[in-house]
Amino acid sequence: MSHVMLCGGTLFEMNQRQILANLLRSCSKNSTLDKGLQAHGAVLRMGFGSDLMLNNDLIDMYGKCSRTGFAYDVFDKMPERNVVSWTALMCAYLQNGNAKRCLSVFAQMGVSDSKPNEFTFSTSLKASGVLGAAESGMQIHGLCAKFGFECVVVVGNSIIDMYAKCGKNIQATRMFETMPVRNLITWNVMIARYTVEENGKRALLLFREMQERGEVPDDYTFTSLLKACNTLEAVQQGSQIHAFLITRGFPYLVQTSVAGALVDLYVKCRHLSEARSVFEQIKQKNIISWSSLILGYAQEGNLEEAMNLFKLLRVSMCHQLDGFVLSSLIGIFADFALVEQGRQIHALATKIPSGLDISVANSILDMYLKCGDPDESERLFNEMPTKNVVSWTVMITGCGKHGLGKEAVRLFNRMQLDNIEPDGVAYLAVLTACSHSRLIKEGQEIFSRLCIDRRLKPKLEHYACMVDLLGRAGQLEEAKNLIMNMPLKPNAGIWQTLLSACRIHGGIEIAREVGEILIRLDGDNTVNYVMLSNIFADAGYWKECERLRKLVKAKGLRKEAGRSWVEIDKEVHFFYNGDDSHPNVEKIHEVLKEMEKRMKAEMGYVPGLRFALHDVEDESKEESLRVHSEKLAIGLALAHGKLEEKKTIRIFKNLRVCGDCHLFIKGLSKILKSLDKESSRADEKHLAANLSGTEQTNLVSSTRNKNKNQKE
DNA sequence: CTAGGGTTAG
C-alpha cells in the first residue's frame with residue numbers, strides 16, 4: 001500500500017515538476033515576466049525551492065526577462081549548483097549588457113566544484129569579445145584546449161569571433177584554418193569580421209571559397225557580404241550580389257536584414273534612387289532600413305525628403321523611434337545649424353524611452369555646441385547620469401572650439417578619473433584644443449601619453465595635429481622632423497599642415513622644401529600651389545609667385561571658386577568673390593562699409609591686408625577684401641534687417657573662411673552681442689521660461705564641403 | 001545554459 005502510494009506520489013511529483021519546467025521554459029522563450037513570477041511562486045508553494053533543474057530554469061527565465069537581480073537571488077539561494085546554474089547566470093548577465101559581470105561569474109566558477117562545458121566556454125568567449133578583452137579571451141581559449149572543447153564547432157566559432165572582435169586577426173585566421181570541423185556559421189563569422197576590419201576584398205574571397213566547398217550561404221552571409229562591399233565602397237560588387245540575389249530567386253531581397261544592408265550600401269555609395277527602390281520592396285520594413293534611408297537623403301543635402309520620410313515613419317506608427325534615428329536627425333540638424341528643428345527633436349526625445357540613449361544625449365550636446373549654445377550643452381552634460389567617451393569628447397571639442405584649451409585638458413583628465421579611457425578620437429580632440437590654444441607643453445605631454453598607451457597607436461591625424469601644434473608655435477624645424485621620423489608614411493595633408501605653419505611664421509626655406517615634396521606627392525592639387533604662392537606673396541617674392549601661377553596654368557589646373565550663400569526668407573542667395581550681380585549690391589556695400597567703420601572705431605578692427613593675395617597698393621587690397629563672398633552674404637543679411645530681428649545669421653561656404661573675414665565676423669559678433677545685452681536684460685525671464693522661443697543674436701559661420709587649407 | 005548579420009552620436 002505504502003509502496004503504491006509512494007509510487008503514485010513520485011509519479012505525481014514528476015509530472016508537477018515537468019509541468020513547471022515547461023512553463024518556465026515557455027516564459028523564458030517569450031520573455032513573459034508576469035507568468036514567470038507566477039510560476040516561481042508555484043515552484044516555491046509546491047516545495048521545489050531546492051530543486052536543481054527548476055532553479056536553473058528560473059535563472060534562465062529571469063535572465064531572458066531582463067531581471068538579472070532576480071536571477072542572482074535564485075542562484076545565490078541554491079543549496080547545490082551545477083554547470084548549468086553557473087552558465088545560465090553568466091548568460092543572464094551577458095544578454096543584459098553586463099559582460100564584465102558575466103566574466104566575473106566565470107572566474108568564480110573556476111574555484112567552485114563545477115567544471116565548464118561548451119556552453120560555458122562559448123558564453124565567456126562572447127563576453128570577452130564584447131569587451132574587446134583580448135587577455136581574458138586568450139586565457140579562456142587556453143582553458144578550452146585544456147578541457148577538450150577547442151574542437152567543438154560552436155566553441156571554435158566563438159574563439160574566432162572573440163579574436164576578431166579583439167582585433168587579433170592573425171589569431172582568428174589561425175583558428176579558422178586549423179579547425180577540424182566547420183559549419184555555415186564559421187564562414188559567416190569570418191566574413192562578418194572581415195567587414196569590421198574594412199577588409200572587404202577578403203570577405204568576397206571567403207564567400208567564393210565557401211561556395212566552392214559546397215557550403216550554402218544564408219541571409220547572414222549576404223548581409224555581412226553586403227556590408228563588406230559597403231566598407232570597400234564597392235558599389236560594383238554590391239550590385240553584383242544584388243543581381244545574384246535576383247537571378248537566383250532568393251527570397252532575401254524582400255527580407256528585412258538583407259535588403260536593409262542593400263539599402264545602406266546604396267546609401268553609402270550615394271545611389272539614393274537605388275536605395276529607395278530596394279527599400280520600397282521590403283515586405284516588413286524595420287526601423288533600421290528607415291534610418292539608413294533618412295540619413296542617406298540628409299547626407300545628400302536633401303533635408304526635405306529626409307523629413308518627409310521621417311514624418312511618414314512617425315504617422316505609420318509601425319515602429320518605435322529608437323536612438324539611432326534620433327541621434328542621426330539631431331546630428332543632421334547640428335550640421336546644418338538648424339537649432340529650432342534640433343530643439344524639436346530634443347523635445348521629442350524627452351518623451352520616449354530611447355530618448356535617454358547615450359548616443360542621443362551626446363548628439364544633443366554636440367548640437368548645442370555647434371549652434372552656439374555652450375551653456376545649455378554644459379548643463380545637459382552635468383546632468384547626464386552616465387557618460388561615455390563620446391560625451392566627454394564632445395565637450396572637449398567644444399572647449400577647443402571656444403579657445404578654452406586649459407579647460408579641455410582638465411576635462412580630458414577628469415574623464416580618466418571617472419574611469420573612462422580615452423580612445424583615438426578623444427586624444428585627437430584634446431590635442432586639437434591644445435594646438436588652438438597654444439598649449440605646447442600640455443599637448444606634447446598628452447601626445448607622449450598616447451604613444452605609450454598600449455591600447456592605441458597614434459595615427460596620421462594625431463601626428464598632423466602635433467605638426468600643427470609645433471608649427472603654430474613657430475617650431476617649424478621640430479614639426480618637420482616629427483614628420484620625417486614618424487613611423488607612418490606622410491600624406492599630402494600633413495605636409496600641407498606644415499606649409500600652413502610656414503605661412504604664419506614666414507618660414508620661406510622650409511616652405512620651399514615642403515613645396516617640392518608636395519608637388520611630387522600631390523602635384524595635381526591646386527591647393528598646394530595656392531598655399532605656396534600665398535607664402536611667397538606674404539614675403540613679397542612676387543616673381544616666384546608669378547612662376548607658380550604660370551605653372552598652375554600650364555598644368556591646366558583650376559581652383560574651385562570660393563562661394564558663400566545665405567538663406568533669407570526661405571530663399572538662398574549665392575555670392576562669388578567680388579560678385580556684383582546681386583540686385584541689392586549697392587545696399588550691401590553700404591551696410592558693409594558702415595559696419596566696417598563702426599568696427600574700426602569701436603574695436604580697433606584693422607583689415608588683414610596680408611590676406612589679400614595680389615601685389616597691389618594697400619588701398620586696393622582693402623577694396624578686394626571688402627568684396628569677399630562671405631562678407632557680401634553677411635551684408636545682404638544685414639541689409640534685410642536680420643540684425644533688428646535679432647535672428648541668427650548663418651553663412652555657408654564651400655571653402656575655408658579667409659583670415660580677414662574671420663576677424664571681421666568676430667568683431668561683428670561682438671558688436672551684435674553688446675547690442676543684445678542692452679536690449680535683452682528685460683527679456684531674461686522670458687528666455688528662461690521659454691527656451692525654444694528666442695534665439696541669441698550671433699553669427700555662425702559654417703563651412704560646408706570643407707576644403708581645409710584652401711583660402712580665397 | 002552556447003556561436004554569426006544590416007542603422008547612430010564625438
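The structure displayed is predicted, hence computed values, not measured ones.

Trainee: Got a minute to help me understand the overall build of chain A in this structure?
Mentor: Of regular secondary structure, chain A possesses 37 helices and 4 strands. Out of the 712 residues belonging to chain A, those deemed buried represent 47%. Long-range contacts, defined here as pairs at least 24 residues apart, represent 64% of the contacts in chain A between residues at least 6 apart. Roughly 36,700 Å² of accessible area belongs to chain A as shown, and the carbon and sulfur atoms make up 53% of that amount.

Trainee: Honestly, the environment of Lys77 in this entry has me stumped. Any pointers?
Mentor: Position of Lys77 among the secondary structure elements: in helix H4 (residues 68-77). Classification of Lys77 as exposed rests on a relative accessible area of 66%. Sequence separation between Lys77 and Gly49 is 28 residues, and the spatial gap between their C-alpha atoms is 9.1 Å.

Trainee: Is there a simple way to think about the UniProt feature "repeat: PPR" (unreviewed entry) in chain A in this case?
Mentor: Within this numbering scheme, the UniProt entry marks residues 82-116, 183-217, 286-320, 357-387 and 388-422 as carrying the feature "repeat: PPR" (unreviewed entry). Summarising residues 82-116: 71% helix, 0% strand, and an end-to-end C-alpha distance of 9 Å. The distance separating the terminal C-alpha atoms of residues 357-387 is 10 Å; by composition the span is 74% helix and 0% strand.

Trainee: I'm lost on the packing of aromatic side chains in this one. Help?
Mentor: Aromatic ring pairs are defined here through the distance separating the ring centres and the angle between the ring planes. Overall, the coordinates contain 15 aromatic pairs when judged by the stated rule. Arranged with centres 6.3 Å apart and planes meeting at 65°, the rings of Phe106 and Phe121 form a pair that is edge-to-face. Of this pair, Phe106 sits in helix H6 (residues 99-110) while Phe121 is found in helix H7 (residues 118-131), placing the two residues 15 residues apart along the sequence. One exposure class covers both Phe106 and Phe121, and it is buried.

Trainee: Sorry if this is basic, but what is going on with the packing of helix H17 (residues 287-299) against helix H18 (residues 303-316) here?
Mentor: A pair of packed helices can be characterised by two numbers: the angle between their axes and the separation between those axes. Here H17 crosses H18 at 160°, and the two axes come no closer than 7 Å. Taken together, the axis directions place H17 and H18 in an arrangement best described as roughly antiparallel. Seen from above, H17 lies across H18 with left-handed handedness. Seen from H17, the contacting residues are Ile287, Trp290, Leu293, Ile294, Tyr297 and Ala298; seen from H18, they are Leu303, Glu305, Ala306, Leu309, Phe310, Leu312 and Leu313. Looking at side-chain class alone, the contact of H17 with H18 contains 12 nonpolar, no polar and 1 charged residues.

Trainee: What's the story with the pattern of salt bridges in this structure? I'm lost.
Mentor: Side chains bearing opposite charge may pair, as long as their charged atoms lie close to each other. Tallied over the full model, the rule gives 25 salt bridges. Between Arg17 and Asp51 there is a salt bridge; the shortest N-O distance is 2.6 Å. Separated by 34 residues along the polypeptide, Arg17 in helix H1 (residues 2-30) and Asp51 in the loop between helix H2 (33-45) and helix H3 (52-64) bring together distant segments of the chain. Between Glu376 and Arg379 there is a salt bridge, and its shortest N-O distance comes to 3.2 Å.

Trainee: Sorry, what's going on with helix H19 (residues 323-335) here?
Mentor: Since there are 3.6 residues in each turn of an α-helix, residues three or four apart along the chain are aligned in direction. Counted at 1.5 Å a residue, the expected span for H19 with its 13 residues is 18 Å, and the 18 Å between its end C-alpha atoms agrees. Restricting attention to buried positions, one finds in H19 the residues Gly323, Val325, Leu326, Ser327, Leu329, Ile330, Ile332, Phe333 and Ala334. Here the buried face of H19 lies against H17, H18, helix H20 (339-349) and helix H21 (358-370). At the exit of H19 stands Ala337, carrying a positive phi of roughly 55°.

Trainee: What should I look at first to understand the nonpolar core in this one?
Mentor: One recurring pattern in soluble globular proteins is that nonpolar side chains are buried together. Of all hydrophobic cores here, the largest spans 179 residues; its most connected members are Leu293, Phe310 and Leu498. Counting the residues that make up this core, at least three belong to each of domain 1 (387-458) and domain 2 (476-559). Residues in contact with Leu293, not counting those within four places in the same chain, are Val263, Val267, Leu272, Ala275, Arg276, Phe279 and Leu309. Judged by nonpolar contacts, the second largest core, of 24 residues, contains Val566, Ile634, Leu638 and Ile649.

Trainee: Mind showing me how you'd approach the state of the cysteines here?
Mentor: What is meant by a disulfide is a covalent connection between two cysteines, made through their sulfur atoms. Under the defined criterion, the tally for this structure stands at 0 disulfides. We note that Cys144 lacks a disulfide partner, and the nearest cysteine sulfur, in Cys151, lies 10 Å from it. On the accessibility criterion, Cys144 (0% relative accessible area) is buried. Cys465 supplies the cysteine sulfur nearest to Cys451, a cysteine that is in no disulfide, at a spacing of 12 Å. With relative accessibility at 39%, the residue Cys451 sits in the partly exposed group.

Trainee: How should the protein's contact with DNA strand B be read in this particular structure?
Mentor: Neighbouring DNA strand B are 54 residues; Ser122, Asn157, Asn188, Arg193 and Ser257 lie closest to it. At the protein interface, 38% of the atoms of DNA strand B within 4 Å belong to sugar or phosphate. Its residues assigned to classes, the surface near DNA strand B shows 17 nonpolar, 23 polar and 14 charged.

Trainee: Would you take a moment to explain the packing of helix H23 (residues 389-401) against helix H24 (residues 405-417) for this structure?
Mentor: In the contact formed by H23 and H24, the axes pass within 8 Å of each other and the chain directions differ by 165°. Compared by their axis directions, H23 and H24 come out roughly antiparallel. H24 is crossed by H23, and the crossing has left-handed handedness. In this structure, H23 uses Val389, Trp392, Met395, Ile396 and Cys399 to contact H24, whose residues at the interface are Glu407, Ala408, Leu411, Phe412, Arg414 and Met415. The residue inventory of the contact of H23 with H24, partitioned by class, reads 9 nonpolar, no polar and 2 charged.

Trainee: What's the story with unusual backbone geometry in this structure? I'm lost.
Mentor: Backbone geometry follows two general trends: most residues other than glycine have a negative phi, and most peptide bonds adopt the trans configuration. Phi at Ser66 is positive, roughly 60°, even though this residue is not glycine. With relative accessibility at 45%, the residue Ser66 sits in the partly exposed group. One non-glycine residue, Asn419, lies in positive phi territory at about 65°. Judged by relative accessible area, Asn419 falls into the exposed class, the value being 69%.

Trainee: Before we go on, may I ask you to explain the side chain of Asn157 in this structure?
Mentor: Looking at the secondary structure, you find Asn157 in helix H9 (residues 153-165). Among the residues examined, Asn157 registers a relative accessible area of 7% and is labelled buried. In this structure the side chain of Asn157 is engaged in a polar contact, spanning 2.7 Å, whose partner is the side chain of Thr186. Non-local contacts of Asn157, meaning those with residues more than four positions away in its chain, are made with Met179, Asn183, Ile185, Thr186 and Val189.

The rules behind the values
- Residues numbered from 1 in each chain as written.
- Chains lettered and ligands numbered in written order.
- Predicted model: local features only at pLDDT ≥ 70, side-chain atom pairs only at ≥ 80, totals over all residues.
- Heavy atoms only, no water.
- Helix = DSSP H or I, 4+ residues; strand = E, 2+ residues; numbered from the N terminus.
- Buried < 20%, exposed > 50% of the residue type's maximum accessible area, 1.4 Å probe, protein only.
- Contact = heavy atoms within 4.5 Å.
- Areas by Shrake-Rupley, 256 points an atom, 1.4 Å probe, with all protein chains shown as cover.
- UniProt positions renumbered as here; feature names shortened; annotations may be inferred.
- Phe/Tyr/Trp six-rings, centres within 6.5 Å; stacked < 30°, edge-to-face > 60°.
- Axes fitted to C-alpha atoms, helices over the stretch in contact; angles between N-to-C directions.
- Parallel < 35°, antiparallel > 145°, perpendicular 65-115°, else oblique.
- Left-handed = near helix turned anticlockwise from the far one by under 90°.
- Nonpolar A, V, L, I, M, F, W, Y, C, P; charged D, E, K, R; others polar.
- Salt bridge = Lys/Arg side-chain N within 4 Å of Asp/Glu carboxyl O.
- Expected span 1.5 Å × (residues − 1).
- Core = buried A, V, L, I, M, F, W, Y, C linked by side-chain atoms within 4.5 Å.
- Domains from an automatic or database assignment.
- Disulfide = S-S within 2.5 Å.
- Near = heavy atom within 4 Å.
- Polar contact = N/O pair within 3.5 Å; in protein donor to acceptor, adjacent residues only side chain to side chain.

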